[in-house]
Amino acid sequence: MLINRGHAAWCVTSLGLVAVATGVYVPYANSAVYGATGNSIIGLLFGIAGTIAMIFAGLLAARKRIVSRKLGSISWWLKGHLWVGLVSVPLIFFHSGFRFGGLLEQLTMWCFLTVIISGVIGQILQHVTPRFMKTATPQQAIFEQLEVAINSLKKAADAQVLSAYDTLFVDVQDDGEESPDDFLRAFYLRHVRTFLQIEVDPDSSLFNATQAEGIFATIREGIPRKMVPIAVELESICNERRQLILQNKLQWIMHGWTLIHIPLSMSLLILTLVHVVMSLYF
Ligand code: HEM
Ligand code: HEM
């Protein structure tokens, strides 16, 4: 999910809530004899509000697994997740009076902050992975999409070359010398087509953008003029392939990121439960 105008209402409401919470917190913290504590009525209310915000954010996971329109759109929940999740931060700090407390509370706080920070990082990652990564799609689906995209690039490249030649694959035994007319096809088969495979050889000369640019410039000079537009197209297809390599890398980072954010958010809910029970009953 990208942050766009659809977030305006959420953003304004969240800022409003934080403003109200701050308006309550400042006079309360200033007037309380021992400063703000989780034990006071207002402190407790902040703790409860912060926990509700956390639980609301966590409900995204449940919403994603229940297929029903009645529960609101996924996009509504994704926005709510982000904004309400962020609002929980000041609420929790107001609850604890900006202290980290004893061992259990410290653990809970660090878990909480890691969830928030990983969430923010994940959100940033979603902004820099443009095409595939709008939601945390299962890894398998992403690779299937990637394969489809790579195959369609290869098809487009084959079609380009076939617009100048009758066939892609020549019988090498019959073929002695490489004529200038054959040059583009030979280059295509040896370098471009191998670069358009699912698994790219990391030593491929087209891997590096600058190097590829130089190679294509040389190619354009060595082929008949009528083939130049084809070489230009092939170059742009290779550039797209390079983009996909970058996206694939980002997918892996994205996947790694959810391995931090999601399990820790579950631990956070459990730690919170333990904290509530411990601080209220003991
Ligand atoms: C329903 C929710 C919650 C309730 C009822 C609650 C209750 C309390 C209470 C009674 C205290 C005071 C304990 C004492 O002074 O001995 C406290 C302290 C504290 N709570 Fe919570 N809490 C809640 C949620 C949370 C959450 C979600 C976090 C963090 C993610 C949190 C972090 C802390 C911290 C760090 C302190 C220690 C502050 C200090 O050192 O004075 N609490 N909480
Ligand atoms: C206490 C607060 C939070 C909790 C408990 C929490 C929990 C979760 C959970 C359980 C998921 C997995 C949903 C699923 O796919 O099943 C998730 C996803 C995600 N969270 Fe959080 N989160 C919190 C705060 C945040 C914050 C503050 C941000 C960003 C600023 C954030 C960003 C994300 C993103 C980008 C995803 C992936 C959503 C998608 O595209 O599918 N989270 N979070």
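This is a predicted model, so every value here is computed, not measured.

K.L.:
How should I be thinking about the overall build of the protein in this particular structure?
P.N.:
In terms of helices and strands, the protein carries eight helices and zero strands. Taken from the N to the C terminus, the helices and strands of the protein come in the order α-α-α-α-α-α-α-α. A globule of 282 residues ought to have a C-alpha radius of gyration of about 19 Å, yet the protein, at 28 Å, is considerably larger. With the C-alpha coordinates aligned to their principal axes, the bounding extent of the protein is approximately 95 × 40 × 35 Å. Among the 282 residues that make up the protein, the fraction classed as buried is 22%.

K.L.:
Can you help me understand the site of ligand 1 in this one?
P.N.:
Every one of the 24 residues lining ligand 1 counts as a neighbour, but Gly38, Gly47, Ser96, Gly101 and Glu105 are closest to it. Elements represented by at least two residues in the shell around ligand 1 include exactly helix H2 (41–65), helix H3 (74–96), helix H4 (103–128) and helix H8 (228–281). When its residues are assigned to classes, the shell around ligand 1 shows eight nonpolar, 14 polar and two charged.

K.L.:
Is there a simple way to think about helix H7 (residues 209–222) in this case?
P.N.:
In an α-helix there are 3.6 residues to a turn, and that puts residues three or four apart on one side. A rise of 1.5 Å per residue sets the reference length of H7, with its 14 residues, at 20 Å; its end C-alpha atoms lie 20 Å apart and thus fit the reference within 8%. Listing the buried residues of H7 in full gives Ala212, Phe216 and Ile219. On an axial view of H7, the arc spanned by its buried residues comes to 55°, and they lie on one face. For H7, the exposed residues lying more than 90 degrees away from the buried face are Thr210, Gln211, Gly214, Ala217, Thr218 and Glu221. Check the buried side of H7 and you find it contacts helix H6 (180–195) and H8.

K.L.:
Got a minute to help me understand the domain arrangement of the protein in this structure?
P.N.:
Accessible area lost during the coming together of the parts is what is often quoted as the interface size. The domain boundaries assigned to the protein delineate domain 1 (5–129 + 260–281) and domain 2 (139–249). Spacing between the C-alpha centres of domain 1 and domain 2 amounts to 50 Å.

K.L.:
Whenever I open this one, the environment of leucine 271 confuses me. Can you help?
P.N.:
Summarising the element assignment, leucine 271 is placed in helix H8. A residue is classified by how many C-beta atoms lie within 10 Å of it, and leucine 271, with 19 of them, is partly exposed. Residues leucine 271 and leucine 107 lie 164 residues apart in sequence; the distance between their C-alpha atoms is 7.9 Å. Ignoring sequence-local partners within four residues, the contact set of leucine 271 consists of Leu107, Thr108 and Cys111.

K.L.:
What am I meant to see in the nonpolar core here?
P.N.:
Nonpolar side chains in soluble globular proteins generally cluster together in the buried interior. Core analysis: the biggest nonpolar cluster contains 20 residues, and Ala53, Trp83, Val84, Val87, Leu91, Phe94 and Phe112 have the highest contact counts within it. Among the secondary structure elements, those contributing two or more residues to this core are H2, H3 and H4. Among the elements that line this core, the one with the most residues is H3, at ten residues. Beyond its immediate chain neighbours, meaning those up to four positions away, valine 84 contacts Ala53, Phe56 and Ala57.

K.L.:
Could you clarify how one ought to interpret the packing of H3 against H4 in this entry?
P.N.:
When two helices pack together, their arrangement is captured by the angle between the axes and the distance separating the axes. At a minimum axis distance of 11 Å, the contact between H3 and H4 shows a crossing angle of 145°. Judged by the sense of rotation from one axis to the other, the crossing of H3 with H4 is left-handed. For the pair formed by H3 and H4, the contact residues are Leu82, Gly85, Val89 and Ile92 on the first element and Phe112, Ile116, Gly119 and Gln123 on the second. Of the residues belonging to the contact of H3 with H4, the class tally is five nonpolar, three polar and no charged.

Parameters and conventions
Residues numbered from 1 in each chain as written. Chains lettered and ligands numbered in written order. Predicted model: local features only at pLDDT ≥ 70, side-chain atom pairs only at ≥ 80, totals over all residues. Helix = DSSP H or I, 4+ residues; strand = E, 2+ residues; numbered from the N terminus. Rg over C-alpha atoms; globule rule 2.2 N^0.38 Å. Buried ≥ 20, exposed ≤ 12 C-beta atoms within 10 Å, placed from the backbone. Near = placed C-beta within 6 Å. Nonpolar A, V, L, I, M, F, W, Y, C, P; charged D, E, K, R; others polar. Expected span 1.5 Å × (residues − 1). Arc of directions from axis to C-beta. Contact = placed C-beta atoms within 7 Å. Domains from an automatic or database assignment. Core = buried A, V, L, I, M, F, W, Y, C linked by C-beta atoms within 7 Å. Axes fitted to C-alpha atoms, helices over the stretch in contact; angles between N-to-C directions. Left-handed = near helix turned anticlockwise from the far one by under 90°.

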